[in-house]
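Examination of the molecular architecture
Each chain, written out:
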Amino acid sequence: MQKQRQIKAIGTSEGIVIGKAYIFSPIAGECFGVQKIKISKEQIDNEIKRFEKALNKTRDEIEAVRNEAAKKAGLKHAQIFDAHLLILEDKVFISQIKKLITEQQQSASAAFCSVAKEYLESFEGISDKYFRERTADVKDVFRRLHHNITGKKKKSLAELKSDVIVIAHDLSPSETATMHKERVIGLVTEAGGPTSHTAIMARAMEIPAVTGAHNITEIIHENDFLILDGSEGIIIINPSEKQIAEYKHKQQIAIERKVRLLTTKDEPAVTTDGQRISLLANIEIPEEAEHAINQGAEGIGLYRTEFFFMNRNDLPSEDEQYEAYAHVARACGDKPVVIRTLDLGGDKFASSLNIPKEMNPFMGWRAIRMCLERTDIFKAQLRAILRASEVGNVRIMFPMIATVQEVRAAKKIVEEAKKELRNEGKTFNENIQIGVMIEIPSAAMIADILAEEADFFSIGTNDLIQYCLAVDRVNEKTAHMYDPLNIAVVRMIKLVIDAAHNVSYTGGKCDNSIECPFAWNNNRKPIKVCVCGEIASEPILAYLLLGLGIDELSTASISIPQNKQLLRASSYETAQNAAAIALRRYNSNDIKDLLIKQILNLNLEK
Ligand code: PEP
Ligand code: MG
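Residues numbered from 1 in each chain as written. Chains lettered and ligands numbered in written order. Predicted model: local features only at pLDDT ≥ 70, side-chain atom pairs only at ≥ 80, totals over all residues. Heavy atoms only, no water.

Tracing the backbone shows Ile558 in the loop between strand S17 (552-555) and helix H22 (560-569). Taking relative accessible area as the criterion, Ile558 reaches 14% and is therefore assigned buried. Among residues more than four places away in sequence, those in contact with Ile558 are Glu14, Arg203, Glu206, Lys258 and Gln295. (Helix = DSSP H or I, 4+ residues; strand = E, 2+ residues; numbered from the N terminus. Buried < 20%, exposed > 50% of the residue type's maximum accessible area, 1.4 Å probe, protein only. Contact = heavy atoms within 4.5 Å.)

Every protein donor of the magnesium ion (ligand 2) is accounted for by Glu439 (OE) and Asp463 (OD), and the metal-donor separations fall at 2.0 to 2.2 Å. Of this pair, Glu439 sits in the loop between strand S14 (434-438) and helix H17 (441-445) while Asp463 sits in helix H19 (residues 461-469), and the two are 24 residues apart along the sequence. An identical accessibility class is assigned to Glu439 and Asp463; each is buried. (Donors = N, O, S within 2.8 Å, 3.2 Å for Na, K, Ca; no water.)

When a strand is regular, its side chains alternate between the sheet's two faces. Residues Phe456 and Ser458 line one face of strand S15 (residues 456-459) and the alternating positions Phe457 and Ile459 line the opposite face, and both faces are buried. Across four bridges, the pairing between S14 and S15 is parallel. Within S15, the residue paired with Gly435 across the bridge is Phe456. Bridge analysis of S15 against strand S16 (residues 528-531) gives four bridges, and the strand direction is parallel. Bridging across to S16, Phe456 finds its partner in Lys528. (Pairing = 2+ DSSP bridges.)

So, on to unusual backbone geometry. For Asn238, which is not glycine, the phi torsion reads 45 degrees and is therefore positive. Judged by its relative accessible area of 7%, Asn238 is buried. At Asn502, a position not held by glycine, the phi torsion is positive, near 65 degrees. Mapped onto the elements of the fold, Asn502 is located in the loop between helix H20 (487-501) and S16. Residue classification places Asn502 among the buried positions, given a relative accessible area of 0%.

On to the packing of aromatic side chains, then. Counting across every chain of the model gives seven aromatic pairs. Consider the rings of Phe93 and Phe142, whose centres lie 5.2 Å apart with planes at 5 degrees: the pair is stacked. Placement of Phe93 in helix H3 (residues 91-104) and of Phe142 in helix H6 (residues 135-150) is noted, with a sequence separation of 49 residues between them. On the basis of relative accessibility, which here comes to 1%, the residue Phe93 falls in the buried class. In textbook terms, an aromatic cluster arises when at least three aromatic residues are bridged by ring pairs, as seen for Phe93, Phe112, Tyr119 and Phe142. (Phe/Tyr/Trp six-rings, centres within 6.5 Å; stacked < 30°, edge-to-face > 60°.)

Below, the structure written as structure tokens:
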């Protein structure tokens, strides 16, 4: 058993769990989690033999596949496997691995991993696209070879037999979506910040999680006993009895607090001076809707439909989508359900779409950009949403809007879908509301223009912060720079809220004067603004958003009771005054201190 050790990383999904580690990282190669433990001199021969045996076995396997392919598809198609076999004949590759085993006393698995890693890195650096793409073939051979070295079966998170804390380099959305939810009691990943898909899914599933934990797959061993504190971002390896008792106590307090919060979950979030904020839920899969309503959600503020397109090899049909959307609509009764159209791309991919790998996926061919080109996919989704609007209070929302032209083009396709449905005699809500996500700075800057096109706004701060500050939201190395309290972000949010409400910074109607830099159209009716990014679930930020004039907050269900308690204890006027001061502070630590002070003054236990 290794020594006791404490590691601090990014707390991304609250809660404390205590349990055994399970190392899992297949998506980034088979090597994460392989420990570099020195073997004894006596073991060297055995490890060399193990490696040679694995080489032979892999060669036999590939030859068998090659012969099968030659029979079924002809010799030409089987030639790809000749290239695979060549990798296994590579003398330099083989001798490097043997050298590490004999000279550095590494296990066959560890030696293979060191050499394979170098090979893959050099392949990825090649500028020629054809050769770069062959990396996938090399990875395939490497994976097969490593399985044969270790003799282990590929791990799966769907078939766990006991409760575990999963330790991984990263998890793909499909791995997260298909994991055994009762067995995975906690999650730790090396990659990802607080707004990565893994973090978002962990919060949705209420699984405590820590991300951005460097080298954790090498530090933690399988079956190590762990404490994981997802609120503080702490992992304790092999804790003392005292620490276990301390964290069990904290766990108990958290459970009691949760139970207490749930007693007022159905009361509205009205501030002490009468300002009403709607608290909605973010969901990723339809089955979450019932749970959201049970947590006191006043509707669904963001249904991320892309999860429906991932984790499968084909596209969902219109009918399949309709069933899913109608399920959510039914579960919510007359409460609003905001269905966001496909936002694939960034860190969310669908294998059926074959989206090519891009240099900057967050800024590439994603979301509405893809939908406006793949109108077949877009229209099928819109038709399904429109049909579901018959069942409940369904609304449409477009993600990643950068220009007003995109909104108009997307609305045009909504009109086409409506026309088709009318012609087919299918019913839907003719006046379905259409919202726009404000998550690109260009959209924030033209919020007054977009407000003429939209029935509501939803500020996607996860993306808005990354684009405003040019800080990758999933890169753990830049996570410390991803600052929601940066004054530029706070002002951008304020700008959007004021534009939507059709008021100037000074609170009155805008009249083109010098205090009112943007020429709002005074005749336009105000529209509501929601924040559906992860910041809405952090108490100090929820308080700031109240002060900035937000109408709605949409968060993971778990945060709704806590937000309700916070808002019900707050005075809108005091929050507005605090926000007015925050808008003039240049240092985010000052803003943070100011907000913490305000929150500490609240009587939360009322
Ligand atoms: C956002 O960007 O804030 C948002 C809610 O969308 P997503 O996290 O799915 O990109
Ligand atoms: Mg977004």
